[in-house]
Amino acid sequence: SGTRYQAYIHTNCTSGNSDTNELIFTTLAQPVTSLPYHTGFELTDDLGWMMRNGVNAWCIDTAAKNSGDYGLYISNDGGVTNDYNVAVACESFAARNFTLDSGLYSLGFEWRCMGEGSSTIYDYMQVFLAPASTDFTAATIRTTDWTQLTPKLTNHADWMTAGLQFTVSNAG
């Protein structure tokens, strides 16, 4: 998985003014190349997931999980609870890079999502296949060239199991 770095930049001006700024960044994890792939989000599992978060943020922690001690979930308090702020509109992404050959693939995952809205769905989750060139640190993420793998998943308080197949036309 990626490595987190913390650096300090110190300026020392001749006028006697100085300033220190902190810079924190994480390198990207290597793409998954060996299949089948499985993660339960446990501390010993592959944790090379990239998060691009708003007020309601993806977390890997213990507040929501179907089995094991950890899970991937949305939180508005840094992972302490599995709760979100309905008053703030935001998009949050959890992503993992894979190197895939051309062919047919199966994907399975367990999910639950009790979002706001029934006739008009405001809060939901979806699974996409995105190009490796996607910049998840950008202010606006363009999703027009992504392949939608699931409909909007919402309104299930109990854990659900999803299973689907998709085809990769171009290796990468």
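Above: the structure in question.
Residues numbered from 1 in each chain as written. Predicted model: local features only at pLDDT ≥ 70, side-chain atom pairs only at ≥ 80, totals over all residues. Heavy atoms only, no water.

Scanning the chain from terminus to terminus reveals zero helices and ten strands. In the chain, the succession of helices and strands from N to C terminus is β-β-β-β-β-β-β-β-β-β. Principal-axis analysis of the C-alpha atoms gives the chain an extent of 65 × 40 × 35 Å. The burial tally for the chain puts 25% of its 172 residues in the buried class. Summarising the internal contacts of the chain: among those between residues at least 6 apart in sequence, 56% fall at separations of at least 24. If you sum the accessible surface of the chain, you get close to 11,500 Å²; carbon and sulfur atoms cover 49% of it. Across the chain, the 7 positively charged side chains and the 17 negatively charged ones have centroids separated by 4 Å. (Helix = DSSP H or I, 4+ residues; strand = E, 2+ residues; numbered from the N terminus. Buried < 20%, exposed > 50% of the residue type's maximum accessible area, 1.4 Å probe, protein only. Contact = heavy atoms within 4.5 Å. Areas by Shrake-Rupley, 256 points an atom, 1.4 Å probe, with all protein chains shown as cover. Lys, Arg positive; Asp, Glu negative; His and termini not counted. Charge placed at Lys NZ, Arg CZ, Asp CG, Glu CD.)

Right, let's get into the side chain of Thr-150. Inspection of the secondary structure assignment puts Thr-150 in the loop between β9 (147-148) and β10 (156-168). At a separation of 2.9 Å, a polar atom in the side chain of Thr-150 contacts the main-chain amide nitrogen of Val-127. Excluding anything up to four places from it in sequence, Thr-150 contacts Phe-109, Gln-126, Val-127 and Leu-164. (Polar contact = N/O pair within 3.5 Å; in protein donor to acceptor, adjacent residues only side chain to side chain.)

Further remarks concern the packing of aromatic side chains. Two descriptors summarise a pair of aromatic rings, namely the distance from one centre to the other and the angle between the planes of the rings. Inspection of every chain in the model, using the stated rule, returns five aromatic pairs. A ring pair is formed by Phe-93 and Trp-146, whose centres lie 5.6 Å apart and whose planes are at 75°; its orientation type is edge-to-face. Here Phe-93, found in strand β6 (residues 93-95), pairs with Trp-146, found in the loop between β8 (128-129) and β9; they are 53 residues apart in sequence, far enough to count as distant. For the ring pair Tyr-105 and Phe-166, a centre distance of 5.7 Å and an interplane angle of 20° mean the geometry is stacked. Separated by 61 residues along the polypeptide, Tyr-105 in strand β7 (residues 103-113) and Phe-166 in strand β10 bring together distant segments of the chain. (Phe/Tyr/Trp six-rings, centres within 6.5 Å; stacked < 30°, edge-to-face > 60°.)

With that settled, the discussion passes to the environment of Leu-104. With respect to the helices and strands, the residue Leu-104 is situated in strand β7. Taking the relative accessible area as the measure of exposure, Leu-104 reaches 56% and is therefore exposed. Note: C-alpha distance between Leu-104 and Thr-20 (84 residues apart in sequence) is 52 Å.

Another aspect to go through is the environment of Asn-17. Mapped onto the elements, Asn-17 comes out in the loop between β1 (4-12) and β2 (18-26). Measuring from C-alpha to C-alpha, the distance between Asn-17 and Thr-81 comes to 43 Å, with 64 residues separating the pair along the chain.

Let's shift gears to unusual backbone geometry. Look at the link from Leu-35 to Pro-36: it is a cis peptide, with omega at 5°. Even without a glycine there, the phi angle at Phe-41 is positive, about 65°. Note that Phe-41 resides in the loop between β2 and β3 (50-52). On the basis of relative accessibility, which here comes to 13%, the residue Phe-41 falls in the buried class. Located in the positive-phi region is Asn-155, a residue other than glycine, with phi close to 60°. Secondary-structure assignment places Asn-155 in the loop between β9 and β10. According to the relative accessible area criterion, Asn-155 is partly exposed, its value standing at 34%.

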